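# Architecture and fold: a report
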Amino acid sequence: MKPQDILGILEAEVAPVKLSDDFCSKYKLYDNSGIIIDMGEEVTGCLFSLDFSKNAVKEAAELGYNLIVTHHPAIYGGISRLDTLSDGKAAAIAECMKRGISVISMHLNFDAAPEGIDYFLMEGLGGRQCAVLATVEGGAYGRAYSVEPLAVKDFLKNIERTFRTRRAVAFGDGNKIIDSVASFCGAGCDGAAMAFAKAQRVSAFVSSDLKHHEIAELTECGIAVIELTHYSAEAYGFNRIYEKVKRQLRAPSSFYYDEGLA
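So, here is what we can say about the structure in this document. Sequence positions are assigned chain by chain, starting from 1 and proceeding in written order. Whole-chain, interface and lining totals are the exception, using all residues; otherwise, since this is a predicted model, local features are given only for residues with pLDDT of at least 70 and side-chain atom pairs are given and counted only at 80 or more. Working from all heavy atoms in the structure, the side-chain values ignore hydrogens and water.

### Quick word on the nonpolar core
Counting residues in hydrophobic clusters, the biggest one holds 74 residues, and the most contacted among them are Leu10, Phe48, Leu125, Phe155, Val181, Phe205 and Ile226. Of the residues forming this core, the biggest block, eight residues, is contributed by helix α10 (residues 230-245). Not counting residues up to four positions away in its chain, the partners in contact with valine 181 are Leu125, Arg143, Ala144, Tyr145, Val147, Phe155, Val202, Ala204 and Val206. The criterion is simple. A nonpolar core is a set of buried Ala, Val, Leu, Ile, Met, Phe, Trp, Tyr and Cys residues joined through side-chain atoms within 4.5 Å. Three labels apply to residues, based on accessible area from a 1.4 Å probe with only protein chains included: buried if under 20% of the type maximum, exposed if over 50%, partly exposed otherwise in between. One finds Ile36, Val57, Ile75 and Tyr256 within the second-largest nonpolar core, a separate group that totals 17 residues. Think of it this way: any DSSP run of H or I at least four residues long counts as a helix, any run of E at least two long counts as a strand, and we number them from the N terminus. What makes two residues a contact is simply this: any of their non-hydrogen atoms within 4.5 Å.

Listed below in structure tokens is the structure:
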């Protein structure tokens, strides 16, 4: 099997790259999903890593794997130079080229897949049936749903256990009972997401990388804000995807988890 064959499995089992293209077209977004580095070799093993990093490349090399599958694109925008001394991403790219390691990145299509990262964020938080913010054929992003009523402190404890993090933070009324949630994987807070949460009358808003004015606006409306690290909010779902597809890969595989970012 070569990288193109692994890409075909990921597209068939989770979501095609076209789903990312459709989201970008409809909502005026940008993405770079698919095969990012193709060394053209038979795949000796696959390392799944949320981020493309020097540590992930090192892990793959130590395992004897020559393919890394990431969620966040290994190359996002254009490259004007490769400074391997001061740019960690450039150093990781150079190391892949030296060691013959290919890279596949599955970003927005894995966020919005029917059982993708945004879906698994909802499931990990206790939701099942939901209203949806953004849709294209075969995909959705941003969800609002009911959950078992819990005090904020108990909701946080569940998050810490489920998402393997000690860095979740709550803002707003600490005595509030959370019985409904709007959640958005990654850096999902913007005007549309906040308006959606208000319209759905949720008691909590869950996402990552929020700005102060966004937190203040939501808490002023009586909505508790739960901020997860970007890593923990997405690594949970990416690992669920890995567990689903690993038996289809017909090659050794493993999941790289970066505790320092969780």
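Structure's up, so let's keep going.
### Considerations on helix α6 (residues 117-124)
Of all eight residues in α6, eight are buried; the element is thus mostly enclosed. Of the positions making up α6, those classed as buried are Ile117, Asp118, Tyr119, Phe120, Leu121, Met122, Glu123 and Gly124. In this structure, the buried side of α6 is in contact with α5 (108-112), β6 (139-151), α7 (152-162), β8 (177-183) and α10. Phi turns positive, to about 105°, at glycine 126, one or two residues after α6.

### Focus on the state of the cysteines
What counts as a disulfide here is a pair of cysteine sulfur atoms lying within 2.5 Å. This structure, assessed with the given rule, holds zero disulfides. Cysteine cysteine 24 is unpaired, with the sulfur of cysteine 185 as its nearest cysteine sulfur at 14 Å. With no disulfide of its own, cysteine 185 lies closest to cysteine 130 among cysteine sulfurs, the gap being 13 Å. Judged by its relative accessible area of 3%, cysteine 185 is buried.

### A short note on the layout of surface pockets
The calculated volume of the largest pocket comes to roughly 590 Å³. Along the walls of the largest pocket sit 24 residues, with Leu29, Leu108, Asp111, Tyr141 and Ala187 positioned nearest its centre. Those elements that provide at least two residues to the lining of the largest pocket are α2 (17-27), α5, β5 (131-136), α8 (191-199) and α10. It is α5 that contributes the most residues to the lining of the largest pocket, three residues altogether. Every definition here rests on a 1 Å grid over the protein atoms only: cavities are sets of points where a 1.4 Å probe fits but cannot get out, pockets are open sets enclosed by protein on both sides within 12 Å along at least five of seven lines, and lining residues have some atom within 4 Å of a point. Grid points are joined across faces, edges and corners, and a volume is the space filled by probe spheres set on the points.

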